Amino acid sequence: MSEILASLRSLMASHSPPLDALVVPSEDYHQSEYVSARDKRREFVSGFTGSAGLALVTKKDARLWTDGRYFLQATQQLSVEWTLMRMGEDPGFDAWVADNLPVEAAIGIDPWCVSVDTAQRWQLTFAKKQQKLVQTETNLVDEVWKSRPPAEINPVVVHPIEFTGCSVAQKLKDLRAKLKNEKTRGIVVTTLDEVAWLYNIRGTDVSYCPVVHAFAIITSNSAFLYVDKKKVSAETNRYMEENGIDVRDYADVSSDVVLLASDQLDSTSEVKGTDTATGNGTTEAEGNNIDRIWVDPGSCCYALYSKLNSEKVHMQQSPLALAKALKNPVELDGLKKAHVRDGAAVVQYLVWLDKQMQESYGASGYFLEGQSANKKKDLGAIKLTEVTVSDKLEGFRASKEHFRGLSFPTISSVGPNAAIIHYSPHAETCAELNPDSIYLFDSGAQYLDGTTDITRTVHFGNPSTHEKASYTAVLKGHIALGNACFPNGTNGHALDILARIPLWKDGLDYRHGTGHGIGSYLNVHEGPHLISFRPHARNVPLQASMTVTDEPGYYEDGNFGIRLENVLIVKEADTKFNFGDKGYLSFEHITWAPYQTKMIDLTLLGPEEINWLNIYHGRCRDILAPYLDESEMAWLNNATETIGV
């Protein structure tokens, strides 16, 4: 790590102008949350492997900012050269730079890896001391990173209409209507899942996310895809031509944005649906003298924005973000079916794990309480580690129809590791399962018809009174949010408190948001909506046909962690009254797997909560029965027995 920092500082000193600091963000050119191996620059520089964080290297200092999900992990992974900055507790990045770097300091950024919003916010803060952002022509980390993985050539795959439920032609028509409504003549689309969703394509360029490294530009009468052409087969190319999409080289987006700015960007493909955009053969720009380009400041990189005339940019969230979040009936049906198969895989996993814990470790098991027998394993007995058991879970999922891989690295965590919110086990260092400790697994899969995400927390021995009380408080919050009924226009910031109140009553809390959208065979974390205490959860109200997770938790550093997570669909609610004619919304659970009743302190649940749990467990039995064999079904019947009567 010292050598990397020394090499970077040498490049910073020789840069013109010399740099007082270098920013190394987590994001790639598309502001992605999850990035390919060759784009993990912040991880390479700092050694911190979490998905969120910002590194700053100065002449004498190295600091890493990350959020509450990763405080414990970062503490363990950062070397002595690095200082951890806890977001929400320590000074923020831009405030720290303004206060600690000299007047007129030069702060280097790769403008491809920083969003417009972020760059402009930093510029505003830094200007107070005449500090300035300097756009480097090359990424300095890449120059130091001698073993940087090469770019992979993975095929662009067309995602069939049977799964998307909406044609490219219709999506382009809807998008152009939005462009017209906002008096814009084009849009630059930089977010990978938006490009994939708009053009009904998928790929394997980023682990766990079925996306393609690509940009898109759509104008009133043209559509472009910027991608490595070696990834596009003759068949896929024909599909693009049939939909009026002009395929260009990935690097061409830079020069084409310049052409777009001067209204000289022309398509070589046959134009499809021109009259649907404007009603005639003229472009909207010609018809109404419209000359603005739509850019999403939260996701568009500063490099592309800098090539536009800032006075002619329409800065607003991409219209594709909400369109993608509002699932059509085919997508909703696919998501429900995917979650049923996924739930069956989770139950099969729990059946297998319960048996192994009893046979190999003398555990009392999933149903019974009691101290483990501390059975000495036979030489032939299976050694259960966080990695080997998560591999087994992946195997159960892989046997299901339409499986295409995991949707994120499985969080398989025992005891103290479960307190690391986004823990990622590695074969060389992971823990062995322990019948006397809590086991938390947060996992999901990519299926052609939907993306899944589920968390369950279990104990195969004798949970303590405190562990049970904590689990029950998390469950109460989980049920309270899932049962919420609320008027149209309500955002996730307003609902977040419902999941926390049972924990707050005991002086407990958790440092992460409570819910995120989920894609339709796309990214497992999908906006623009979310359920969170963070202010930006106010930006978008929840709407019918959105998906969102419900995942409160509680974590004690060095001891244990608890989280419960289901995926919900927002739906219209049938209420007795309709105050203000607003219309009301509620949630539908589509995740099916039991909650461990052994972990529940029934004295802490009210009659309505017990009734909800019994109904949910009954539905688990009915829905999963066709996917389980006789012994698995017997286990599930036991796991979902009626309680509290």
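Residues numbered from 1 in each chain as written. Predicted model: local features only at pLDDT ≥ 70, side-chain atom pairs only at ≥ 80, totals over all residues. Heavy atoms only, no water.

- Per an unreviewed UniProt entry, the protein carries the name Xaa-Pro aminopeptidase and comes from Populus trichocarpa.

**Focus: the pairing of strand E24 (residues 547–550)**
(1) Moving on: Side chains Thr547 and Thr549 project from E24 onto one buried face, and the interleaved Val548 and Asp550 project onto a second face that is buried too.
(2) Moving on: Alignment of E24 against strand E27 (residues 566–572), held across four bridges, turns out to be antiparallel. Bridge pairing in E27 places Asp550 opposite Asn566. (Buried < 20%, exposed > 50% of the residue type's maximum accessible area, 1.4 Å probe, protein only. Helix = DSSP H or I, 4+ residues; strand = E, 2+ residues; numbered from the N terminus. Pairing = 2+ DSSP bridges.)

**So, the packing of helix H18 (residues 465–482) against helix H19 (residues 492–504)**
(1) Moving on: At a minimum axis distance of 7 Å, the contact between H18 and H19 shows a crossing angle of 155°. In terms of orientation, H18 lies roughly antiparallel with respect to H19. H18 and H19 meet at a crossing whose hand is right-handed. On the side of H18, the interface is formed by Ala473, Val474, Lys476, Gly477, Ala480 and Leu481, while H19 contributes Leu495, Leu498, Ala499, Pro502 and Leu503.
(2) Moving on: Grouping the amino acids of the contact of H18 with H19 by side-chain chemistry returns nine nonpolar, one polar and one charged. (Axes fitted to C-alpha atoms, helices over the stretch in contact; angles between N-to-C directions. Parallel < 35°, antiparallel > 145°, perpendicular 65-115°, else oblique. Left-handed = near helix turned anticlockwise from the far one by under 90°. Contact = heavy atoms within 4.5 Å. Nonpolar A, V, L, I, M, F, W, Y, C, P; charged D, E, K, R; others polar.)

**As for unusual backbone geometry**
(1) Moving on: In this structure, the amide linkage connecting Ser16 to the following residue, Pro17, adopts the cis form with an omega of 0°.
(2) Moving on: That bond from Gly527 to Pro528 is cis: its omega, 10°, falls within 30 degrees of zero.
(3) Moving on: The topology assignment puts Pro528 in strand E23 (residues 526–531).
(4) Moving on: Look at Asn200: it is not a glycine, yet its phi comes out positive at around 55°.
(5) Moving on: Inspection of the secondary structure puts Asn200 in the loop between helix H9 (192–199) and strand E9 (201–202).
(6) Moving on: Among the residues examined, Asn200 registers a relative accessible area of 3% and is labelled buried.
(7) Moving on: Positive phi, normally seen in glycine, also occurs at Tyr208, with a value near 75°.
(8) Moving on: A relative accessible area of 34% means that Tyr208 is categorised as partly exposed.

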